Amino acid sequence: MSTDIQKEEPKVDIVPIKEILFKDYLPYWPYFVLSALLAVFSAYVYLRYQVPQYQVNATMMIKAEKEGINTMVEKLVGGQTGSANNNNINDKLYVLQSHRIKMLAAKLARLQVRIVSHGKVSTLESYENLPFVFDLLEPDSVVDFQGDFFCEAGGKGLRINGALYPFNQVISLGGNKVAIRCTDPQRCGDLKTKYTLNLYSLSTAGGVNAGGFSAKPADKGSSIINLSLTTNIPQKGVKMLDALMQAYKSVSMDEKLLQAKNTIQFIDERLRVLSGDLDSVEGSIEAFKRSNGIADISAESQLFMENVAESDKMLSQLDLQLSLLNDLERYVVGRGKNPGLVPSLIGLPDGGYTSSLFQKLYEAELKLQELRARNGDKSDVVTVAKGEIQTMKESLFESIQNVRKNLQALRRGYNNKAGKYSELMRDIPSKERKLLNITRQQVVKNGLYTFLLEKREEAAIQYSATLGDVQVLQAAAANYTPVSPNVGRTYGLYLFFALALVAGVLFMRRFFDNKLQYRSEIERATGI
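(A) Here's a closer look at the overall build of the protein. Looking only at helices and strands, the protein features 13 helices and 13 strands. Residue burial in the protein is summarised as follows: out of 528 residues, 38% are buried. Long-range contacts, defined as pairs at least 24 residues apart, comprise 79% of the intrachain contacts of the protein with a sequence gap of at least 6. Total accessible area on the protein is roughly 30,600 Å²; 54% of this is exposed by carbon and sulfur atoms.

Below you can see the structure in the form of structure tokens.
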């Protein structure tokens, strides 16, 4: 008779959560309450001495370029604007957020002076609520300076780094020319408060006041830009954000005006040369007529002139285009030696493609300057930017070569056409033929002179009527609810970690305690 021996599996003790809570944690509720109170108090103290940060917002639109300074130069030699009008929003956003714009904005907003007042526990920046004002007489040449000061008794002045500087006089602080004005004589004699004065260069002021600046399109590819700036003083942030938009608009306008000015200078130089040539040709015609007794050309010669005039005009314009193309190529080659100088963007008959590449090259080299100043010449980002610029130059050179080939092919065609007309001159008498050659030069130069004169007038009109491509949709406005520190989150985190600390201590205490403390534990252990 066999007996089956069955082994009983050990039972796993499952302790109800309710029992754990009521027996292991609830008896210690005073500790939880005390830790919660301490957490709330600690969070309050932390928030009390934190400098709140506010967000300032604005909206602007970077408008598409209309027919103006940039497209007018395309018309100079009969080109079309085509893809040159397509805005590269990312490039414009980079320019908007560049250090150059921030520096100009800091100057426009007059934010190169920062004053911090020292309290018993914390320090706070003071802005537009002080009884004295520091006026920088030469803001462009300011160098960084820092000094502690307090008001002298009787409102005599300010004692900065131990030296007394009276009010309403030009003084020198760290080599900076400054005038200190007292706007409230009763408060200028306050001896209780200690201050720290910071004078910033334009470069430093741009970084300090626009460190939390960002610009993002409202939608992908949208020309509407949402701007935001995080600052500890809302009024200062509003002033800085408005100045950033004004600085970008000013820089954009200056570049357009500079391009137009260079275009006008180029046309004026060509007109001056052509004017001299015309005077010389007209003098030659008069002298030839007097010496040979010829009053005018014959009807046959007149017909020849009408036929050849269009060909000569086109040849002159093609020669002008080739000359401008050579100038553009020389400029691109030498651009690395002289970055930042914007030449006249002379248009070419390629649908604006070359001009578009040139504009991208200009913006990429501005970006390279910014990266060099920020990261050093040997950094990886600078190396990548150099590679991108080299690729752009290769594309630009290829475009220049293609345009040159097209222009040279057109020129050969008009040369052949002009050569056929020249064969007709064999039937014209010798003296009249010589006069015809001189008159032909006069007609060509007159046509080119008139053409350039028309473009000169267009450039002058566009120069005086240039409009910026920036439109402010919403001026800077501050949200007076702090974005940092987050009050609710701070209190929540302090409470969570305080309660978790007490619960963790109780858990570890119970975990390492091997004694049986409750009747239910004895029952589970003995099975009774």
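Text resumes after the structure shown.
(B) Molecular detail of the state of the cysteines. With the rule as written, the count across this model stands at one disulfide. The disulfide that involves cysteine 182 links it to cysteine 188, with 2.1 Å between the sulfurs. Given an S-S torsion of about 115°, the disulfide between cysteine 182 and cysteine 188 has right-handed geometry. On the basis of relative accessibility, which here comes to 23%, the residue cysteine 182 falls in the partly exposed class. Of the residues examined, cysteine 188 reaches a relative accessible area of 0% and is grouped as buried. Looking at the unpaired cysteine 151, the closest cysteine sulfur is the one in cysteine 188, lying at 6.0 Å. Since its relative accessible area comes to 1%, cysteine 151 is described here as buried.

(C) Spatial organisation of the pairing of strand 2 (residues 113-118). For strand 2 and strand 10 (residues 194-199), the ladder comprises six bridges, and the chain directions are antiparallel. Within the sheet, the bridge partner assigned to valine 116 lies in strand 10 and is threonine 196. Looking at chain direction, strand 2 and strand 3 (residues 123-126) are connected through four bridges and run antiparallel. Within strand 3, the residue paired with valine 116 across the bridge is glutamate 125. The turn linking strand 2 back onto strand 3 is made up of four residues.

(D) Local environment of the environment of glutamine 112. Note on placement: glutamine 112 falls in the loop between helix 5 (99-109) and strand 2. For the pair formed by glutamine 112 and tyrosine 200, sequence separation is 88 residues and the distance between their alpha carbons is 4.9 Å. Those residues in contact with glutamine 112 that lie beyond four places of it in its chain are Lys107, Leu136, Pro139, Val142, Asn198, Leu199, Tyr200, Ser201, Leu202 and Ala205. Looking at glutamine 112, its side chain comes within polar contact range of the main-chain oxygen of proline 139, at 3.1 Å.

(E) The arrangement of the nonpolar core in detail. Core analysis: the largest hydrophobic core is formed by 33 residues, its most contacted members being Met60, Leu96, Phe213, Ile225, Leu227 and Leu241. Sorting the residues of this core by element identifies strand 1 (53-62), helix 4 (89-96), helix 5, strand 11 (213-217), strand 12 (224-231), helix 7 (234-292) and strand 13 (470-484) as the ones contributing at least two each. It is helix 7 that provides the largest number of residues to this core, a total of eight residues. Discounting chain neighbours no more than four positions away, the residues touching leucine 227 are Val56, Asn57, Ala58, Met60, Leu96, Phe213, Ser214, Ala215, Leu241 and Met245. Listed in part, the 21 residues of the second largest apolar core include Phe132, Phe145, Phe149 and Cys151.

(F) Highlighting the packing of helix 2 (residues 29-48) against helix 12 (residues 487-511). Between helix 2 and helix 12, whose axes approach to 9 Å, the crossing angle comes to 145°. Here helix 2 and helix 12 pass one another in a crossing that is right-handed. Along its contact with helix 2, which presents Tyr31, Phe32, Ser35, Ala36, Ala39, Val40, Ser42, Ala43, Tyr44, Tyr46 and Leu47, the element helix 12 presents Val487, Thr490, Tyr491, Tyr494, Leu495, Ala498, Leu499, Val502, Ala503 and Leu506. Residues of the contact of helix 2 with helix 12, tallied by class, amount to 18 nonpolar, three polar and no charged.

(G) Looking closely at the pattern of salt bridges. What the rule picks out here adds up to eight salt bridges. Linking arginine 181 and aspartate 135 is a salt bridge whose minimum nitrogen-to-oxygen distance equals 2.5 Å. Here the residue arginine 181 occupies a position in strand 9 (residues 176-182), and aspartate 135 occupies one in strand 4 (residues 132-136), the gap between them amounting to 46 residues. Judged by relative accessible area, arginine 181 falls into the partly exposed class, the value being 35%. We classify aspartate 135 as buried; its relative accessible area is 14%. Across the pair lysine 177 and glutamate 138 runs a salt bridge whose closest N-O atoms are separated by 3.8 Å. Here lysine 177, found in strand 9, pairs with glutamate 138, found in the loop between strand 4 and strand 5 (145-151); they are 39 residues apart in sequence, far enough to count as distant. Accessibility expressed as a relative area gives 44% for lysine 177, which makes it partly exposed. Given a relative accessible area of 39%, glutamate 138 falls into the partly exposed group. Taken together, the salt bridges that share partners define one network made up of Arg110, Asp135 and Arg181.

(H) Spatial organisation of helix 12. A rise of 1.5 Å per residue sets the reference length of helix 12, with its 25 residues, at 36 Å; its end C-alpha atoms lie 36 Å apart and thus fit the reference within 8%. Looking at where helix 12 begins, the residue whose side-chain oxygen comes 3.3 Å from the main-chain nitrogen of glycine 488 is asparagine 486.

(I) Layout of the sheet that holds strand 13. Strand order in the open sheet formed by four strands is 11-12-1-13, with antiparallel pairing between adjacent strands. Strand pairing shows two members of the sheet lacking a second neighbour, strand 11 and strand 13, which therefore form its edges. Between one strand axis and the next, the sheet turns by 20° as a mean value, whatever way the strands run. As defined by bridge partners, strand 11 adjoins strand 12 across five bridges and the pair is classed as antiparallel. Its bridge partner being in strand 12, phenylalanine 213 is matched across the sheet by leucine 229. Packed on one face of the sheet, helix 4 meets strand 1, strand 11 and strand 12 and runs near 165° to strand 11.

Calculation rules
Residues numbered from 1 in each chain as written. Predicted model: local features only at pLDDT ≥ 70, side-chain atom pairs only at ≥ 80, totals over all residues. Heavy atoms only, no water. Helix = DSSP H or I, 4+ residues; strand = E, 2+ residues; numbered from the N terminus. Buried < 20%, exposed > 50% of the residue type's maximum accessible area, 1.4 Å probe, protein only. Contact = heavy atoms within 4.5 Å. Areas by Shrake-Rupley, 256 points an atom, 1.4 Å probe, with all protein chains shown as cover. Disulfide = S-S within 2.5 Å. Pairing = 2+ DSSP bridges. Polar contact = N/O pair within 3.5 Å; in protein donor to acceptor, adjacent residues only side chain to side chain. Core = buried A, V, L, I, M, F, W, Y, C linked by side-chain atoms within 4.5 Å. Axes fitted to C-alpha atoms, helices over the stretch in contact; angles between N-to-C directions. Left-handed = near helix turned anticlockwise from the far one by under 90°. Nonpolar A, V, L, I, M, F, W, Y, C, P; charged D, E, K, R; others polar. Salt bridge = Lys/Arg side-chain N within 4 Å of Asp/Glu carboxyl O. Expected span 1.5 Å × (residues − 1).

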